[in-house]
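Tertiary structure, described
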Amino acid sequence: NAGVTQTPKFRVLKTGQSMTLLCAQDMNHEYMYWYRQDPGMGLRLIHYSVGEGTTAKGEVPDGYNVSRLKKQNFLLGLESAAPSQTSVYFCASSPLSGGKNIQYFGAGTRLSVL
Amino acid sequence: GQQVMQIPQYQHVQEGEDFTTYCNSSTTLSNIQWYKQRPGGHPVFLIQLVKSGEVKKQKRLTFQFGEAKKNSSLHITATQTTDVGTYFCAGGSNDYKLSFGAGTTVTVRA
């Protein structure tokens, strides 16, 4: 049971390049989330999804897009990367279990934008 | 929007000593969760508190939820080197999201 898998683990981009981060979960969870983690700022929610085919904006959505075409996958896209998007990105998933939004995190993607 | 503040940002502890980290929300929470992230790792769920005034223990860790459901604390007794990492509180409201505090990063002097 792999849980939440993120690919790639590391990536270096040049300003203006695009890329897609993939998150896959095998726990049949309804909810999925993308966070970024920067020093001293905790985890900030970028986008989230409450089910297949649905997405919503989080706290810091600008510069990112997401898609959830399949229940098990949640993709995060950067159309034109900027140095301010250098960060560690975490995906998480959570089951639809009344009142208990426990989140399970992937290992993270470390992204540098030069 | 909901904001969760966590203090202190850093905690340097002598092995064997106790310490506490605190979490405060600007709004009433439906629940509070605590996560631990080891250096270079990812956040891992520790516990969830739901009831006003609730206290839960996990071995040397004691978690408390305030009466007004706006604050929480994590107390660790007899700190060990295995306690090293960053502890996050996360406030839940009546939706699908959590608001994470900035975390308390714990280092231990042997």
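Residues numbered from 1 in each chain as written. Chains lettered and ligands numbered in written order. Predicted model: local features only at pLDDT ≥ 70, side-chain atom pairs only at ≥ 80, totals over all residues. Heavy atoms only, no water.

1. Points about the environment of Ser26 of chain B
What counts is decided by this rule: Think of it this way: any DSSP run of H or I at least four residues long counts as a helix, any run of E at least two long counts as a strand, and we number them from the N terminus.
Inspection of the secondary structure puts Ser26 of chain B in the loop between β3 (19-25) and β4 (31-37). Measuring from C-alpha to C-alpha, the distance between Ser26 of chain B and Phe65 of chain B comes to 14 Å, with 39 residues separating the pair along the chain.

2. Focus: the packing of aromatic side chains
Applied cut-off: Each Phe, Tyr or Trp ring (for Trp, its six-membered ring) is paired with any other whose centre lies within 6.5 Å, and the angle between the two planes then decides the class: stacked below 30 degrees, edge-to-face above 60, tilted in between. Each residue is placed in one exposure class: buried if its accessible area under a 1.4 Å probe, protein chains only, is under 20% of its type's maximum, exposed if it is over 50%, and partly exposed if it falls in between.
In total, this model carries 13 aromatic pairs over all chains according to the counting rule given. Judged by centre distance (5.7 Å) and plane angle (35°), the ring pair of Tyr35 of chain A and Phe105 of chain A falls under tilted. Of this pair, Tyr35 of chain A sits in strand β4 (residues 31-37) while Phe105 of chain A sits in strand β10 (residues 104-105); the two residues are 70 residues apart in sequence, bridging distant segments of the chain. Looking at Tyr35 of chain A, the relative accessible area reads 0%, which means it is buried. With relative accessibility at 7%, the residue Phe105 of chain A sits in the buried group. Centroid distance Tyr35 of chain A to Phe100 of chain B: 5.4 Å. Interplanar angle 85°. Geometry classified as edge-to-face.

Limitation: the analysis is restricted to geometry and does not speak to function.
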